[in-house]
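# Fold and contact review
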Amino acid sequence: MTDIGKTLQNARNEKHYTLDDLQQITKIQKRYLIAIEENNFDALPGDFYVRAFIRQYADTVGIKADKLLSELDEQAGKKKVEETEEEPTEAKTRTEAVRRQQQSSTPSQVSQSFDKFMHYLPTIIIVGVVVIIIGSIYFVVAGNKKEANQAASSTNVSISSDVSSSKKSSKKESSSEEVSSSSSKKESSSSSESSKSSKGQKITNTAVSGSRFTYSLTNPAKKNKIKFTSKGGSAWSSISVNGTANWQGTLQNGASHTVTLPEGTTSFNISLGNSNVTNITINGKKFDFLKENSTLTVRQITVNVANE
């Protein structure tokens, strides 16, 4: 049986790569790389990322990933067989315990319990009748008080409302005029800003190297907004700005997350763990990165921002 973690570690050592080097190349976190080399696959985010990270690790160190993934599937199959073999034994033990408990209860115990119930039955009936009578009296009294309070409050409200309505009407007229003028100003300013942000924006692919892609963003906004959306499954994504990590996380199906880049950003890097179910928009405009090799699952994207 092949030791997946040991095989990958040996290949890494032959390439003279440290874990930090491999983290920089694959964008896989160091703790996940250590877990893979220790065969601790439960520490990874899920079964999909186990396969994706093993494939990317193997491709980076120059060994075939298909054999390792076949071995992974074989190990997972054996684990399921062992779990199914343990279940009948546990079920058998539980059945025997229930049967012994049923055998231990004798007819005398059943009859004693019934006698106790019949002894207290009259008391239970009397207490129940008393509770019903008290509850009925309480609801009748409470209902009468509520009707009296409502009648008194309605009289006071009708008198005070006539006095205050004339005062409020004049205030509402003046305030409505101020609100309408300010709202019109806000709408005009927001529409002009949004048109400027997307006007003339263009994303162009400039280089491709394996799973690494480079793009150029021209005519960007002052503060660019990158929106990640997962459709069709869960997906892990991360983004770093000018070499500094900004956000990373796993989005479930239908979830989204928006990152606002700082003003003056010159470049940003995006790492995708499941690019086939990930949609990206930049300033509301779709970023169609799948047209460059749509079969890739894991990819690294660098975007150089051409600020005016």
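Residues numbered from 1 in each chain as written. Predicted model: local features only at pLDDT ≥ 70, side-chain atom pairs only at ≥ 80, totals over all residues. Heavy atoms only, no water.

## Focus: the overall build of the protein
Formally: Numbering of helices and strands runs from the N terminus, with a helix taken as a DSSP run of H or I at least four residues long and a strand as a DSSP run of E at least two residues long. Relative accessible area decides the class of each residue, using a 1.4 Å probe on protein chains only: under 20% of the type maximum gives buried, over 50% gives exposed, and in between gives partly exposed. Any pair of residues with heavy atoms lying within 4.5 Å of one another is described as a contacting pair. Method for areas: the Shrake-Rupley scheme with a 1.4 Å probe, in which residue coverage is limited to the protein chains shown.
Within the protein, the regular secondary structure consists of 6 helices and 10 strands. Going through the 308 residues of the protein one by one, you find that 26% of them count as buried. Of the contacts made within the protein by residues no fewer than 6 positions apart, 61% connect residues no fewer than 24 positions apart. If you sum the accessible surface of the protein, you get close to 20,500 Å²; carbon and sulfur atoms cover 54% of it.

## A short note on the UniProt feature "transmembrane region" (unreviewed entry) in the protein
How we decide: UniProt positions are given in the numbering used here, feature names are shortened, and annotations may be inferred rather than shown by experiment.
Under the UniProt annotation, the feature "transmembrane region" (unreviewed entry) is placed at residues 117-141. Between the first and last C-alpha atoms of residues 117-141 the distance is 36 Å; the span itself is 100% helix and 0% strand.

## What to know about helix α3 (residues 30-37)
By the burial criterion, the buried members of α3 are Tyr32, Leu33, Ala35, Ile36 and Glu37. On its buried face, α3 is in contact with α1 (4-14), α2 (19-26) and α4 (47-61). Within two residues after α3, Asn39 carries a phi angle of roughly 60°, on the positive side.

## Re the packing of aromatic side chains
How two aromatic rings sit relative to each other is given by the distance of their centres and the angle of their planes. What counts, and what does not: Only the six-membered ring of Trp is used, alongside the rings of Phe and Tyr, when aromatic pairs are assigned; centres must lie within 6.5 Å, and planes under 30 degrees apart are stacked while those over 60 apart are edge-to-face, with the rest tilted.
Counted according to the given criterion, the structure contains 6 aromatic pairs. Between Phe48 and Tyr49, the ring centres sit 5.2 Å apart and the planes meet at 85°, which makes this aromatic pair edge-to-face. Classification of Phe48 by relative accessible area gives partly exposed; the value is 34%. A relative accessible area of 3% places Tyr49 in the buried class.

## Points about the packing of α2 against α4
Worth spelling out the cut-off: Helix axes are fitted to C-alpha atoms over the stretch in contact, other axes to C-alpha atoms as well, and angles between N-to-C directions run from 0 to 180 degrees. Here the word oblique covers every angle except those under 35 degrees (roughly parallel), over 145 (roughly antiparallel) and from 65 to 115 (roughly perpendicular). Residue type decides the class: Asp, Glu, Lys and Arg count as charged, Ala, Val, Leu, Ile, Met, Phe, Trp, Tyr, Cys and Pro as nonpolar, and the leftover types, Gly among them, as polar.
In contact at an axis separation of 11 Å, α2 and α4 are set at 110° when each is read in the N-to-C sense. Comparing the axis directions of α2 and α4 gives the class roughly perpendicular. In this structure, α2 uses Leu22, Ile25 and Thr26 to contact α4, whose residues at the interface are Gln56, Tyr57, Thr60 and Val61. Considered class by class, the residues forming the contact of α2 with α4 number 4 nonpolar, 3 polar and no charged.

## Brief notes about unusual backbone geometry
Of note, Asn39 is a non-glycine position whose phi angle comes to about 60°, a positive value. Relative to the elements of secondary structure, Asn39 occurs in the loop between α3 and α4. For Asn39, a relative accessible area of 33% puts it in the partly exposed group. Non-glycine residue Asn283 carries a positive phi angle of around 55°. By the element assignment, Asn283 lies in the loop between β8 (278-282) and β9 (285-286).

## Some points on the pairing of strand β7 (residues 267-272)
For clarity, the threshold we go by: Any two strands with at least two DSSP bridges between them are considered paired.
Counting buried positions along β7 yields 5 of 6 residues, so the element is predominantly enclosed. Note: strand β4 (residues 235-241) against β7, 5 bridges, orientation antiparallel. By the bridge assignment for β7, Ser237 is matched with Leu272.

## Comments concerning the pattern of salt bridges
Applicable threshold: Criterion for a salt bridge: a side-chain nitrogen of Lys or Arg within 4 Å of a carboxyl oxygen of Asp or Glu.
For the structure on display, the rule yields 4 salt bridges. The shortest N-O distance in the salt bridge between Arg12 and Glu37 comes to 2.7 Å. Remark: Glu37 occurs in helix α3 and Arg12 occurs in helix α1; sequence separation between them is 25 residues. We note that Arg12, like Glu37, is buried. Between Asp66 and Arg55 there is a salt bridge, with the nearest N and O atoms lying 3.4 Å from each other. You can see Asp66 sitting in helix α5 (residues 65-104) and its partner Arg55 sitting in helix α4, a full 11 residues away along the chain.

## With respect to the environment of Tyr32
Structurally, Tyr32 is set in helix α3. As for Tyr32 and Pro45, which are separated by 13 residues in sequence, their C-alpha atoms are 9.1 Å apart. Tyr32 has contacts with Ala43, Leu44, Pro45 and Phe53, leaving out every residue within four places of it along the chain.

## With respect to the side chain of Glu37
Using a relative accessible area of 12% as the deciding quantity, one classes Glu37 as buried. Not counting residues within four places of it along the chain, the set of residues in contact with Glu37 comprises Gly5, Lys6, Gln9, Arg12, Leu19 and Tyr57.

## A closer look at the nonpolar core
Operational definition: To form a nonpolar core, buried Ala, Val, Leu, Ile, Met, Phe, Trp, Tyr and Cys residues must be joined to one another through side-chain atoms within 4.5 Å. What marks off one domain from the next here is an automatic or database domain assignment.
Residues Leu8, Ile36 and Ile54 are the most contacted members of the largest nonpolar core, which totals 26 residues. Of all the elements in the fold, those that place two or more residues in this core are α1, α2, α3, α4, α5 and β4. If you tally residues by element for this core, the top one is α4, at 7 residues. Formed jointly, this core draws a minimum of three residues from each of two domains, domain 1 (4-80) and domain 2 (202-306). Non-local contacts of Ile54, meaning those with residues more than four positions away in its chain, are made with Ile4, Leu8, Ile36, Phe41, Leu68, Leu69 and Leu72. Tyr215, Ile226, Phe287 and Val303 belong to the second largest nonpolar core, which has 20 residues in total.

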